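Take a look at the letters that make up each chain.
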Amino acid sequence: MDKKILLKVRNLTRVFGSKKKRVVAVKNVSFDIYENEIISIVGESGSGKTTTARMMLNLLKPTEGTIEIEGEDISNFRGKKKREYWRKVQGIFQDPFASFNQFFTVRKVLDDSFKLFDVQPSKEEKDKRIRKVLEYVNMRYEEVAEKYPFELSGGQRQRIMIARIFLIEPKLLIADEPTSMIDAVLRSSILELLLSLREREKSSIVFITHDLGLAYYVSDRILIMHNGELVEQGSADDIITNPQHPYTKKLIQDVPTLHQEWAL
Amino acid sequence: MKTLKLLFTSKKFVFGLCLFLTLLFLGLLFPVFNHKDPLDLAGFMYQPPSKEFWLGTDNFGRDVLVELIHGLKTSMFIGLLAGTVATLIGVGIGLTAGYIGGWVDNLLNTITNIFLVVPPFVILILISVSLQNRSLGIMGLIIGITSWPWTARAVRAQATSLRVREHIDLAKISGMGTFEIMLREVLPYIMSYIFMAFVLQVASGILNEAGISMLGLGPSNIVSLGTMLSWALLFEAVRTGAWWAFIPPALTIAFITFSLLFMSTGMDEIFNPRLRS
């Protein structure tokens, strides 16, 4: 099956600071993201996965290397081109509280995402769509629309963020640890919502996570990052059943299982 | 609009606002009904409060009450103008430097530091001396232009820390422009800060005017709370026991500052939604 490449990442490197304080956060990373696939970038804290995500979202300029969408380098995008890119590539962040401007209601946050659209829908149309996407994430418009973020729970806030993604319908969603600050009970429902994005919009999703178990559960392909380098990539099954890199082997060993006794 | 309505649920804010407006209207309306000239030599030197002169007379035998209300008007005007000018410049420079960062930050920070190390009072004196005609507006402008760096500093520090928050990232990937993000995503978070800085700027504007008036460089031929205090000082009102010459203007300055501070505390509770209960 020949799939189309959506995002092409080549030799991506990011350096912070200079001289003594020089830190290479991401080293020479290359990978492709195909249409309608789910991949996970797995790594521990400081492995450079969030920096990679920020570069993919065009929030941070790479020191070296390129990210290409449809043959165009995203670092040259300005103004309208940038908006077009964000129409195609969107993100969800780790901390559902910090993602909100605390002075705006849910309704306003969702309204703002229409800014990315070239043609502004009418007020009724916007209203209709917002109601629809809130329904997707199992929330009632009347209950949440006029609420401020601090009046909502973490899970509710993250669901609003997902509703926002449904509104924009991007081709690629980059979710940076979307469930790590949410109660374990709510995690699976948030994950299912994210996965439904692939079914509904035929989008691709990149999960950034430290949890290999989760990555295996949701993704087609897994990329393992360690100390800023991409140490291994392959299909989820290959990575789990036949890991090549010692770091990957160690990661797999560290996944706790319910049926075995933990060696602590 | 909603936030404005909410403001009026804060008792502190309403109290501060009422006090401030009372003082403001007193200064604005009194001269409409009472046509007495504040510079008129109505009585003798340092007459204590009486039925004729409710707050006594000053060293020139002028009615302190009439002077006080005209002075209140003048000082409020200068303070508000200076505070507004200083806040506008300070917020503009601080927000740009803090949010945009990089060389813009370096450049603006250098300018701010230069203004910060030169004592504003010296600049104030130099400009005042070089001006022939010192009207109220010019005085307010000069004080404002020399006192913005502290506001710029405070705003810059806040904007720098807000810049890296996730909601700013979200605003960016929602396609908002730099200016829009500064106004909508950064400014509301530091609004109460800015108002507090404004309050202090207004208060220090009033005091600066008083200080410069004492040197005889104040606005020409106009009574202000500052000039009243300086006359009281020059003509030894304290030693002569003429408390009515300096306590009323000093109290008035205190009341203005007090009312503004109350408003700022009330606003902090409202602007920071987490403090709303």
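Here, the structure is the one placed above.
The model shown is predicted, which means the values in this text are computed figures rather than measured ones.

So, about the overall build of chain B. Scanning chain B from N- to C-terminus turns up 12 helices and zero strands. Across its three principal directions, the C-alpha atoms of chain B cover 75 × 45 × 30 Å. Looking at chain B residue by residue over its 277 residues, the buried ones come to 47%.

Right, let's get into the overall build of chain A. For chain A, the count of helices and strands is 10 helices and 10 strands. Radius of gyration (C-alpha) of chain A: 19 Å, near the 18 Å computed for a compact globule of 264 residues. Principal-axis analysis of the C-alpha atoms gives chain A an extent of 55 × 50 × 45 Å. Counting every position in chain A, which comprises 264 residues, the buried fraction comes to 39%. Of the contacts formed within chain A by residues at least 6 apart in sequence, a portion of 67% connects residues at least 24 apart.

Hydrogen bonds between backbone atoms are what pair the strands of a sheet, whose relative direction is either parallel or antiparallel. All names here are of chain A. The sheet built from four strands is open, its strands ordered S2-S1-S4-S5 with antiparallel pairing. The sheet is open, and its two borders are formed by strand S2 (23-34) and strand S5 (72-73), each paired with just one other strand. Alignment of strand S1 (residues 5-16) against S2, held across eight bridges, turns out to be antiparallel. Each bridged residue has a counterpart across the sheet, and for Val15 the counterpart in S2 is Val24.

The next thing to look at is the environment of B:Val129. Tracing the backbone shows B:Val129 in helix H5 (residues 120-130). Residues B:Val129 and B:Ile100, 29 residues apart in the sequence, show an inter-C-alpha distance of 38 Å.

All names here are of chain A. Here we have six strands laid out as an open sheet, ordered S6-S7-S8-S3-S9-S10, and mixed in their pairing. With partners counted over all chains shown, the strands left at the sheet margins are strand S6 (89-92) and strand S10 (229-235), one partner each. Taken pair by pair, the neighbouring strands of this sheet meet at an average axis angle of 15°, ignoring direction. Where strand S3 (residues 38-42) meets strand S8 (residues 204-209), five bridges bridge the pair, whose relative direction is parallel. Bridged to Ser40 within S8 is Phe207.

The α-helix advances 3.6 residues per turn, and as a result positions three or four apart in sequence lie on the same side. All names here are of chain B. Within helix H10 (residues 225-234), eight of the 10 residues are buried, which leaves it mostly tucked inside the rest of the structure. All of the buried residues along H10 are Leu225, Gly226, Thr227, Met228, Leu229, Ser230, Trp231 and Ala232. Glu236 sits one or two positions beyond H10 and adopts a positive phi of about 50°.

The next thing to look at is the packing of helix H3 (residues 64-100) of chain B against H10(B). Residue and element names in this part refer to chain B. The contact between H3 and H10 brings their axes to 7 Å, and the two run at 130°. Viewed along their axes, H3 and H10 adopt a mutual orientation that is oblique. Together, Glu67, Gly71, Leu72 and Ser75 of H3 and Leu225, Gly226 and Met228 of H10 make up the contact between the two elements. Of the residues contributing to the contact of H3 with H10, the split by class is three nonpolar, three polar and one charged.

Residue and element names in this part refer to chain B. All buried positions along H5 are accounted for by Pro120, Leu124 and Ser128. In a view along the axis of H5, the buried residues occupy a sector of 65°, so they form one face of it. The outward face of H5, more than 90 degrees from its buried face, is lined by the exposed residues Val122, Val129 and Ser130.

All right, on to the environment of B:Tyr193 then. Residue and element names in this part refer to chain B. Tracing the backbone shows Tyr193 in helix H9 (residues 178-214). You can call Tyr193 partly exposed: it has 18 C-beta atoms within 10 Å. With residues near it in sequence (within four places) discarded, Tyr193 still touches Ala154 and Gln158.

All right, on to the pairing of S3(A) then. Consecutive side chains along a regular strand alternate between the two faces of the sheet. Residues and elements named next belong to chain A. Buried residues dominate S3, accounting for five of its five residues. Because side chains alternate across S3, one face comprises the buried residues Ile38, Ser40 and Val42, and the other comprises Ile39 and Ile41, equally buried. As judged from the four bridges shared by S3 and strand S9 (residues 221-226), these two strands associate in the parallel manner. Looking at the pairing, Ile41 lines up with Leu223 of S9.

Residues apart from glycine generally show negative phi values, whereas peptide bonds are mostly found in trans. Residues and elements named next belong to chain A. At Lys19, a position not held by glycine, the phi torsion is positive, near 50°. For Lys19, the position within the fold is in the loop between S1 and S2. Even without being glycine, Asn58 reaches a positive phi, approximately 60°. For Asn58, the position within the fold is in the loop between helix H1 (49-56) and strand S4 (64-69).

It is worth spelling out the interface of chain A and chain B at this point. Taken together, the contact pairs 20 residues of chain A with 14 residues of chain B. For the side of chain A that touches chain B, the secondary structure elements donating two or more residues are helix H2 (79-88) and S6 of chain A. Of the residues in the side of chain A that touches chain B, the class split is 10 nonpolar, six polar and four charged.

Attention now moves to the pairing of S8(A). All names here are of chain A. Extensive coverage of S8 is indicated by the burial of six of its six residues. Bridge count for strand S7 (residues 172-176) against S8 is five bridges, and the pairing is parallel. Paired with Asp176 across the bridge in S8 is Ile208. Between the parallel pair S7 and S8, the chain is carried across by helix H7 (residues 184-201), and the sense of this crossover is right-handed.

Here we come to the nonpolar core. Counting residues in hydrophobic clusters, the biggest one holds 137 residues, and the most contacted among them are A:Ala163, A:Ile174, A:Ala175 and A:Val206. At 19 residues, H3(B) tops the list of elements feeding residues into this core. If sequence neighbours within four positions are ignored, A:Val206 has contacts with A:Ile33, A:Ile39, A:Ile41, A:Leu172, A:Ile174 and A:Ala175.

Scoring rules and cut-offs
- Residues numbered from 1 in each chain as written.
- Chains lettered and ligands numbered in written order.
- Predicted model: local features only at pLDDT ≥ 70, side-chain atom pairs only at ≥ 80, totals over all residues.
- Helix = DSSP H or I, 4+ residues; strand = E, 2+ residues; numbered from the N terminus.
- Buried ≥ 20, exposed ≤ 12 C-beta atoms within 10 Å, placed from the backbone.
- Rg over C-alpha atoms; globule rule 2.2 N^0.38 Å.
- Contact = placed C-beta atoms within 7 Å.
- Pairing = 2+ DSSP bridges.
- Axes fitted to C-alpha atoms, helices over the stretch in contact; angles between N-to-C directions.
- Parallel < 35°, antiparallel > 145°, perpendicular 65-115°, else oblique.
- Nonpolar A, V, L, I, M, F, W, Y, C, P; charged D, E, K, R; others polar.
- Arc of directions from axis to C-beta.
- Right-handed = clockwise from strand over helix to strand, strands pointing away.
- Core = buried A, V, L, I, M, F, W, Y, C linked by C-beta atoms within 7 Å.

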